[in-house]
Amino acid sequence: MYKASKRYLAASVSALTLAILMMLVAIAAWSIAPEVAADTSGMTMELKKSLPP
């Protein structure tokens, strides 16, 4: 039976952990994004109106 080296196992665990953390960050950003997008769109509209022609 094949036995993986410790270096390979460490790299695999690190990659899996990084992928899970990236997914959690993406889910958190996606859940917060609608509120942030609504706030920033109002701000950009105000900025566009306040700029001289």
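Just above sits the structure.
Residues numbered from 1 in each chain as written. Predicted model: local features only at pLDDT ≥ 70, side-chain atom pairs only at ≥ 80, totals over all residues. Heavy atoms only, no water.

**Student:** Tell me about the overall build of the protein chain, and name the residues and values.
**Tutor:** A tally of regular secondary structure across the protein chain gives one helix and zero strands. For the protein chain, the residues scored as buried account for 0% of the 53 residues in total. A total of about 5,300 Å² of accessible surface is found on the protein chain, and carbon and sulfur atoms cover 75% of it. (Helix = DSSP H or I, 4+ residues; strand = E, 2+ residues; numbered from the N terminus. Buried < 20%, exposed > 50% of the residue type's maximum accessible area, 1.4 Å probe, protein only. Areas by Shrake-Rupley, 256 points an atom, 1.4 Å probe, with all protein chains shown as cover.)

**Student:** Can you lay out a nonpolar patch on the surface for me, pointing to particular residues and giving the numbers?
**Tutor:** On the surface, a nonpolar cluster with roughly 390 Å² of combined accessible area is contributed by Leu16, Ile20, Leu21 and Leu24. Looking at the secondary structure, you find Leu21 in helix 1 (residues 6–50). (Patch = residues over 30% accessible without salt bridge, like charges linked within 9 Å, V, L, I, M, F, W, Y side chains within 5 Å. Salt bridge = Lys/Arg side-chain N within 4 Å of Asp/Glu carboxyl O.)

These values are about where atoms sit, not about what they do.
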